[in-house]
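The residues making up each chain are set out below.
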Amino acid sequence: MKILAALALAAMAGTASAAVVFTESFDSGTGSFTVQDLAGTGKALWKSMGDYGYSNWTGGSGNAATASSDFASGEFNTRMVSPGIAIGNGPASVSFKYNYQNFAFLDVFAVEISTNGGGSWSTLWSTQADTGGFFALPGASQTIDISAYGGNTVNIGFHYYDPNTGDWDWYAQVDDVVVEAVPAPGAAALLGLGGLVMSRRRR
Ligand SMILES: [Ca+2]
Ligand SMILES: [Ca+2]
């Protein structure tokens, strides 16, 4: 039975394709994400765009998660963290819409990933490039390959910070986060094994 189970799993792996396993529209504030204030100042935290009086300049609809340093000067370092997302082995990606305005290469907008519930983070992608309109459309889209993290439950972090002092920068906006991955083993594998058992009974 062990061999048959392994064969069934191998068959599943061979035919499994990526599907949407997580989405967040931010149409209810920061939605399922949790917000960290790593500077401990309460400045420029990820919030609803309306909290800063902004519109959605990402190209998404409804609300966009927004972190603004322009709203009030002061040290800031904020990360917005997704719930744990179980991804299987195989092709996987995270995509999102955004609008980011950098101030004099002082601040950073980064996308990070954790495989230990937020205990430690790896940078997937970061930028200091003005992207999209200035307090205006258009927005932009980004897709990042996270296949290397297959087989883990991951958290995705959107990190906006300025490592310098005397912060007073612009802003970052994010909308429509989508994670596509081969569904984690569990439901799919059980379905495969169920099919195998049924076919054996027919013989
Ligand atoms: Ca939205
Ligand atoms: Ca700073």
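For clarity, every value in this text was computed on a predicted model and none was experimentally measured.

This part is about the coordination of the calcium ion (ligand 2). Taken together, the protein donors to the calcium ion (ligand 2) comprise E75 (OE), D162 (O), N164 (O), D167 (OD) and D167 (OD), at separations of 2.1 to 2.6 Å. In primary sequence terms, the donor set of the calcium ion (ligand 2) follows E-x86-D-x1-N-x2-D. Here E75 is found in the loop between β4 (65-68) and β5 (77-81), whereas its partner D167 is found in the loop between β10 (153-161) and β11 (171-183), with 92 residues between them in sequence.

What follows concerns the confidence of the model for the protein. Per-residue confidence for the protein averages 89 on the pLDDT scale, and 84% of its residues sit at or above 70. Ignoring residues within four places in sequence, the model shows residues 194-203, a span with pLDDT below 50, making four contacts including any to other chains.

Another point: the coordination of the calcium ion (ligand 1). Coordination sphere of the calcium ion (ligand 1), protein contribution only: S25 (O), D27 (OD), S61 (O), N63 (O), D175 (OD) and D175 (OD), at 2.3 to 2.6 Å. Geometry at the calcium ion (ligand 1) is irregular, judged from the six donor atoms that bind it and their angles of 51 to 164 degrees at the metal. Take D27: its relative accessible area is 42%, and that puts it in the partly exposed class. The buried category is assigned to D175, whose relative accessible area is 0%.

Here is what the cut-offs are and how they apply
- The residue numbers shown here count from 1 along each chain, following its written sequence.
- Each chain gets a letter, beginning with A, and each ligand a number, beginning with 1, in the order they are written.
- Note on the predicted model: pLDDT of at least 70 is required for a residue's local features to be given, and 80 or more for side-chain atom pairs to be given and counted; whole-chain, interface and lining totals, by contrast, use all residues.
- For the side-chain quantities, the full set of heavy atoms in the structure was used; hydrogens and water were omitted.
- In this analysis a donor is any N, O or S atom within 2.8 Å of a metal ion (3.2 Å for sodium, potassium and calcium), and since water is not included, sites may seem incomplete.
- Runs of E in the DSSP output that reach at least two residues are strands. Runs of H or I that reach at least four are helices, and both are numbered from the N terminus.
- Residue-level confidence of the predictor, termed pLDDT, takes values from 0 up to 100.
- Here a residue-residue contact requires only that any non-hydrogen atoms of the pair lie within 4.5 Å.
- Each label reflects the angles at the metal, where four donors whose angles all fall between 85 and 135 degrees are tetrahedral, four or six donors whose opposite pairs open beyond 155 degrees and whose other angles stay between 65 and 115 are square planar or octahedral respectively, and the rest are irregular.
- Remark: exposure states derive from per-residue accessible area (1.4 Å probe, protein chains only) relative to the maximum for the residue type, with buried under 20%, exposed over 50%, and partly exposed in between.

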